[in-house]
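# Close look at the chain arrangement
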Amino acid sequence: MTATIFHITTIEVDLNTGIDIQDITDDLNRIIGRSGIENGIANACIVGSTGSLTTIEFEPGVVQDLKDAIDRIAPENLAYAHELAWHDGNGHSHVQAALLGPSIALPIRKARLKLGTWQQVVAINHDNRARKRSIEVTLVGV
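Attention here is on the structure that accompanies the text. (Residues numbered from 1 in each chain as written. Predicted model: local features only at pLDDT ≥ 70, side-chain atom pairs only at ≥ 80, totals over all residues. Heavy atoms only, no water.)

### Brief notes about a negative patch on the surface
Using the following cut-off: Candidate patch residues must exceed 30% relative accessible area and have no salt bridge, after which like charges are joined if within 9 Å and Val, Leu, Ile, Met, Phe, Trp or Tyr side chains if within 5 Å. Note on areas: Shrake-Rupley with a 1.4 Å probe; residue coverage comes only from the protein chains shown. When a carboxyl oxygen of Asp or Glu lies within 4 Å of a side-chain nitrogen of Lys or Arg, that pair is called a salt bridge. The convention is simple: Lys and Arg are positive, Asp and Glu are negative, and His and the chain ends are not counted. Lys charges are placed at NZ, Arg charges at CZ, Asp charges at CG and Glu charges at CD. Strands are runs of DSSP state E lasting at least two residues, helices are runs of H or I lasting at least four, and both sets are numbered from the N terminus onward. Each residue is placed in one exposure class: buried if its accessible area under a 1.4 Å probe, protein chains only, is under 20% of its type's maximum, exposed if it is over 50%, and partly exposed if it falls in between.
Among the surface-exposed residues, Asp65, Asp68, Asp71 and Glu76 lie close enough to one another that they form a single negatively charged patch. Looking at the secondary structure, you find Asp68 in helix α2 (residues 60-73). In this structure Asp68 comes out as partly exposed when scored by relative accessible area, which is 34%.

### Regarding helix α4 (residues 91-100)
Rules: Residue contacts are defined here by distance: any two heavy atoms, one from each residue, within 4.5 Å place the two residues in contact.
For α4, the full list of buried residues reads Gly91, His92, Ser93, Gln96 and Ala97. Buried-residue contacts for α4 involve β4 (51-56), α2 and α3 (81-86).

### Brief notes about the nonpolar core
Put simply, the test is: In this text, buried Ala, Val, Leu, Ile, Met, Phe, Trp, Tyr and Cys residues form a nonpolar core when linked through side-chain atoms within 4.5 Å.
Within the largest apolar cluster, 22 residues are counted, with the highest numbers of intra-cluster contacts made by Ile24, Leu53, Leu113, Val121, Ile135, Val137 and Leu139. For this core, the elements supplying multiple residues, two or more each, are β1 (5-15), α1 (25-35), β3 (40-46), β5 (103-109), β7 (120-125) and β8 (131-141). With sequence-adjacent residues up to four places away left out, Leu139 is seen in contact with Ile5, Phe6, His7, Ile31, Ile32, Ser35, Ile37, Ile41, Ala42 and Ile108. Core analysis: the second largest hydrophobic core is formed by 8 residues, Ile19, Ile21, Leu66 and Ile70 among them.

### Some details on unusual backbone geometry
Residue Gly18 is joined to Ile19 through a cis peptide bond whose omega torsion reads 5°. Following the sequence through the fold, Ile19 ends up in the loop between β1 and β2 (20-23). For His87, which is not glycine, the phi dihedral falls at a positive 50°. As for its position among the elements, His87 is in the loop between α3 and α4. Positioned with a positive phi, Lys110 is a non-glycine residue whose angle comes to about 55°.

### Describing the sheet that holds β5
What counts here: Each pair of strands is called paired provided DSSP finds at least two bridges between the two strands. As a rule, the C-alpha atoms of each element are fitted with a line to give its axis, helices using only the stretch in contact, and angles between N-to-C directions run from 0 to 180 degrees.
Taking strand neighbours across the sheet as the criterion, the 5 strands line up as β1-β8-β3-β5-β6 in an open arrangement whose pairing is antiparallel. Only two strands of the sheet have a single partner each, and these edge strands are β1 and β6 (112-113). As judged from the 11 bridges shared by β1 and β8, these two strands associate in the antiparallel manner. Bridge pairing in β8 links Leu15 to Arg131. Each of β1, β5, β6 and β8 is contacted by α1, which is oriented at about 155° to β1, the strand it contacts most.

### Here's the deal with α2
To keep it simple, the criterion reads: The span expected for a helix works out to 1.5 Å for each residue beyond the first. It is the directions from the helix axis to the C-beta atoms whose arc is reported. Side-chain atoms alone can form a polar contact between residues adjacent in sequence; in general such a contact is a pair of N or O atoms within 3.5 Å, and within protein one must be able to donate a hydrogen while the other accepts it.
Between its first and last C-alpha atoms α2 spans 20 Å; for 14 residues at 1.5 Å apiece the expected length is 20 Å, and the two agree. For α2, every residue scored as buried is listed here: Val63, Leu66 and Ile70. Considered in projection along α2, the buried side chains sweep an arc of 60° and stay on one side of the axis. Exposed residues pointing more than 90 degrees away from the buried face of α2 are listed as Pro60, Asp65 and Arg72. Where α2 is buried, its residues touch β2, β4, α4 and β7. Two to three positions downstream of the cap, the backbone nitrogen of Gly61 sits 2.9 Å from a side-chain oxygen, assigning the N-cap of α2 to Glu59.

Set out below in structure tokens:
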């Protein structure tokens, strides 16, 4: 019988003023490689209400297209109720991050993330200031 392995760690990512997108695929694969897990699941969650995680083909054109799409969905220049309470200029940041979501779950196969040829995992800062983001990573597998 094979024992189930749990591996928990944190990735720290420096992100510029939003919308800033950074590829974290290699970071996740390094963690998986050190964990001893061959097959299982990786769950990652970005800490903070103005950050998100997703997958994308991480090439300049698609990255710009995603930034443009996010900005069209929740542009900075709209009136947000959040501004009435806090006056911090980031109401759009909270909405953008909520729409994409803070977490992602991906399969681990052969000690690596099982992703498509052109698919990478990215962390996104939506905030109106640069942020150091913590990404909590939990791996479960055998």
